[in-house]
Amino acid sequence: MKTNQIIESKRISSWMMFLLASACGLIVANLYYAQTLIEPISVSIGLSSEAAGLIVTLTQIGYVVGLLFIVPLSDIFENRRLVAVSLIVVVCALLAATFARNALSFLTASLFIGLGSVVAQILVPYAAHLASEEQRGRVVGNVMSGLLLGIMFARPLASFITSIWGWQTVFALSAIVITLLTVLLSRILPERRPSPTINYDKLIFSLAGLLKQTPILRRRGIYQACLFGAFSLFWTVAPLRLVNDFGMSQQGIALFALVGMGGAIAAPIAGRLADKGWTGFLTGLSMLIATLSFLLAYFFQGHSTTALILLILAAIMLDAAVSGNLVLGQKAIYSLGSEVRGRLNGLFMSIFFIGGAISSSLGGWSYAHGGWSFTSLIGVVMPLLALLYFLTEKRTICKER
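Basis of the calculations
- Residues numbered from 1 in each chain as written.
- Predicted model: local features only at pLDDT ≥ 70, side-chain atom pairs only at ≥ 80, totals over all residues.
- Heavy atoms only, no water.
- Helix = DSSP H or I, 4+ residues; strand = E, 2+ residues; numbered from the N terminus.
- Areas by Shrake-Rupley, 256 points an atom, 1.4 Å probe, with all protein chains shown as cover.
- Lys, Arg positive; Asp, Glu negative; His and termini not counted.
- Charge placed at Lys NZ, Arg CZ, Asp CG, Glu CD.
- Patch = residues over 30% accessible without salt bridge, like charges linked within 9 Å, V, L, I, M, F, W, Y side chains within 5 Å.
- Salt bridge = Lys/Arg side-chain N within 4 Å of Asp/Glu carboxyl O.
- Buried < 20%, exposed > 50% of the residue type's maximum accessible area, 1.4 Å probe, protein only.
- Polar contact = N/O pair within 3.5 Å; in protein donor to acceptor, adjacent residues only side chain to side chain.
- Contact = heavy atoms within 4.5 Å.
- Phe/Tyr/Trp six-rings, centres within 6.5 Å; stacked < 30°, edge-to-face > 60°.
- Lys NZ or Arg CZ within 6 Å of the ring centre and 35° of its normal.
- Axes fitted to C-alpha atoms, helices over the stretch in contact; angles between N-to-C directions.
- Parallel < 35°, antiparallel > 145°, perpendicular 65-115°, else oblique.
- Nonpolar A, V, L, I, M, F, W, Y, C, P; charged D, E, K, R; others polar.
- Core = buried A, V, L, I, M, F, W, Y, C linked by side-chain atoms within 4.5 Å.
- Expected span 1.5 Å × (residues − 1).
- Left-handed = near helix turned anticlockwise from the far one by under 90°.
- pLDDT = per-residue confidence, 0-100.

Draft legend 1. Focus on the overall build of the protein. The helix and strand tally for the protein stands at 17 helices and zero strands. The dimensions of the protein, computed from C-alpha atoms along their principal axes, are 60 × 50 × 35 Å. Accessible surface, the protein as shown: approximately 15,700 Å² in total, 69% of it carbon and sulfur. Charged side chains of the protein number 27 positive and 15 negative; the gap between the two group centres comes to 5 Å.

See the structure below:
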């Protein structure tokens, strides 16, 4: 208890903020390396085009399971040790994916990559614990910008490495990086020993009560589920379109994904503006931008250079909308109480990752049966539904945030 009080009273250092942001980016990137590699991986392990979406979907399912059953442990167990154990799981799963020779072994490894990578969602509320109240939005925004850069940089990096050495090298190199990161975090992170008032069984059963009693959590989770669903849909199908409509190689896909990283700048900006009370306005704006990004992709199709440029613009807009709204949601739920922060974060992330998992599997099906037109129309509907739901939000809830 004494340790927690000391930590809560201090302002987080710039070095520690940078370390946590970098760690989150490196860890969560493991969820997205396969996203632009669906074609070479599926060919290698014998998956059909319609089932190829499972490569991403199972990773996200593993992530959801971890969010529900591992992240809440950060409210009762020492955080540094929990981080180390979770990262060891990631390293083992990455090595298994590297040497997988069939669909079953690779998909199983993907499930455990997602399961262990939830450590990133232990580190984000950990950073919020280290921050003072007045800097919490900025800290969460900066750490999340590192996480989101990891998500966005994973795609071009994986494509570039695959074009030279093959997709297995991506997972092998990541295993080495995560091993080094595990050693570094184990030595540098300060201990955080929560003072648990309940055991693990009651902790897990308390999740349903928290969800029922916290309207902000439900709303923010549904908002982000719709936006992240659109994000997952786009990045599951966009590489297929780039190959089929524009004849791009893995290096071309890497450049496309690299440009899309520009949207990550929205995360720290959203965090700072949230500290100034702009949460409501920015939430609606994020949903509107996400809707417009898919409308842009739908109305300007074809194989021309103009269509490609507008597709790049749509990717940037969508990434900015999703990353900005994510920080707004986390800022809102982290203000609800430090003693349940791990559970709240786990619930929030699991809700919207379920949306991402459904959309990833839906992407392969929609593209196979209706092409880019059908897929982009589905993409329009998701953030539009979130926007319509947002318009029903009571002003009193906005004031609470």
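The structure having been displayed, the exposition proceeds.
Draft legend 2. Spatial organisation of a nonpolar patch on the surface. A cluster of nonpolar side chains, Ile61, Val65, Phe69, Val89, Leu111 and Phe112, forms an exposed patch at the surface whose accessible area comes to about 440 Å². Those elements giving two or more residues to the nonpolar patch turn out to be α4 (54-69) and α6 (103-116). By residue number, the principal contributor to the nonpolar patch is α4, which donates three residues. Tracing the backbone shows Phe112 in helix α6.

Draft legend 3. Summary view of the side chain of Glu78. For Glu78, the location among the structural elements is in the loop between α4 and α5 (79-98). For Glu78, which is buried and forms no salt bridge, the nearest opposite charge comes from Arg80, at a distance of 4.5 Å. Polar side-chain contacts of Glu78 include one of 3.1 Å to the backbone nitrogen of Arg192. Contact partners of Glu78, with chain neighbours within four places excluded, come to Glu191, Arg192, Arg193 and Pro194.

Draft legend 4. View of the side chain of Ser376. Topologically, Ser376 is positioned in helix α16 (residues 341-390). Residue classification places Ser376 among the buried residues on the basis of a relative accessible area of 0%. Setting aside residues no more than four positions away along its own chain, Ser376 makes contact with Phe294 and Tyr298.

Draft legend 5. Region of the structure containing the packing of aromatic side chains. Scanning all chains against the criterion turns up 19 aromatic pairs. Summarising the aromatic geometry, the rings of Trp278 and Phe281 are spaced 5.8 Å apart at their centres and angled 80° between planes, so their arrangement reads as edge-to-face. On the basis of relative accessibility, which here comes to 53%, the residue Phe281 falls in the exposed class. A network of ring pairs unites the aromatic residues Tyr63, Phe228, Phe231, Phe348, Phe352 and Phe353 as a single cluster. Above the ring of Tyr389, the side-chain terminus of Arg219 is found at 4.2 Å from the ring centroid.

Draft legend 6. Expanded view of the packing of helix α10 (residues 200-213) against helix α11 (residues 215-246). Taken N-terminus to C-terminus, the directions of α10 and α11 make an angle of 90°; their axes are 5 Å apart at the nearest point. The angle between α10 and α11 falls in the class roughly perpendicular. Across the interface between the two elements, Leu210, Leu211, Lys212 and Gln213 of α10 pack against Pro215, Leu217 and Arg218 of α11. Here the residues of the contact of α10 with α11 are counted per class, giving four nonpolar, one polar and two charged.

Draft legend 7. Seen up close, the pattern of salt bridges. By the definition in use, this model includes two salt bridges. Its salt-bridge partner being Glu191, residue Arg80 comes within 3.3 Å of it at the nearest N-O pair. Here the residue Arg80 occupies a position in helix α5, and Glu191 occupies one in the loop between α9 (167-188) and α10, the gap between them amounting to 111 residues. Taking relative accessible area as the criterion, Arg80 reaches 22% and is therefore assigned partly exposed. Since its relative accessible area comes to 31%, Glu191 is described here as partly exposed. Among the salt bridges present, the one from Arg241 reaches Asp245, with a minimum N-O distance of 3.0 Å. Remark: Asp245 and Arg241 occur in helix α11; sequence separation between them is four residues, near one turn of the helix.

Draft legend 8. Representation of the nonpolar core in the model. Membership of the largest hydrophobic core comes to 129 residues, with the highest contact counts inside it found for Leu20, Phe171, Phe234 and Phe353. In terms of residues, this core owes the most to one element, α11, which gives 15 residues. When neighbours within four sequence positions are excluded, Leu20 is seen to be in contact with Ile12, Leu123, Tyr126, Ala127, Leu130, Val143 and Leu189.

Draft legend 9. Looking closely at the environment of Pro268. Within the fold, Pro268 resides in helix α13 (residues 266-275). Taking the C-alpha atoms as reference points, Pro268 and Gly141, separated by 127 residues in sequence, lie 4.3 Å from one another. When residues no more than four places from it in sequence are discounted, the contact partners of Pro268 are Gly141, Asn142 and Ser145.

Draft legend 10. Quick look at α5. Here α5 is 20 residues long and its end C-alpha atoms lie 29 Å apart, about the 28 Å a rise of 1.5 Å per residue gives. For α5, every residue scored as buried is listed here: Asn79, Leu82, Val83, Ala84, Ser86, Leu87, Val90, Val91, Ala93, Leu94, Ala97 and Thr98. Among the structural elements, α2 (14-28), α6, α7 (120-130) and α9 are those in contact with the buried residues of α5. With a side-chain oxygen lying 3.0 Å from the backbone nitrogen of Arg80, the N-terminal cap of α5 falls on Glu78.

Draft legend 11. View of the packing of helix α14 (residues 279-299) against α16. In the contact formed by α14 and α16, the axes pass within 8 Å of each other and the chain directions differ by 165°. Comparing their axes, α16 and α14 come out roughly antiparallel. Crossing hand, α14 versus α16: left-handed. Facing α14, whose interface residues are Gly280, Thr283, Gly284, Met287, Leu288, Ala290, Thr291, Phe294, Leu295, Ala297 and Tyr298, α16 presents Trp372, Ser373, Ser376, Leu377, Gly379, Val380, Pro383, Leu384, Ala386, Leu387 and Phe390. Residue composition of the contact of α14 with α16, grouped by class: 15 nonpolar, seven polar and no charged.

Draft legend 12. Structural view of the confidence of the model for the protein. Of all residues in the protein, 92% have pLDDT values of 70 or greater, and the mean over the chain is 84. Overall, residues 396-401 carries pLDDT values under 50, and its contacts beyond four positions in sequence, including any with other chains, amount to eight contacts.

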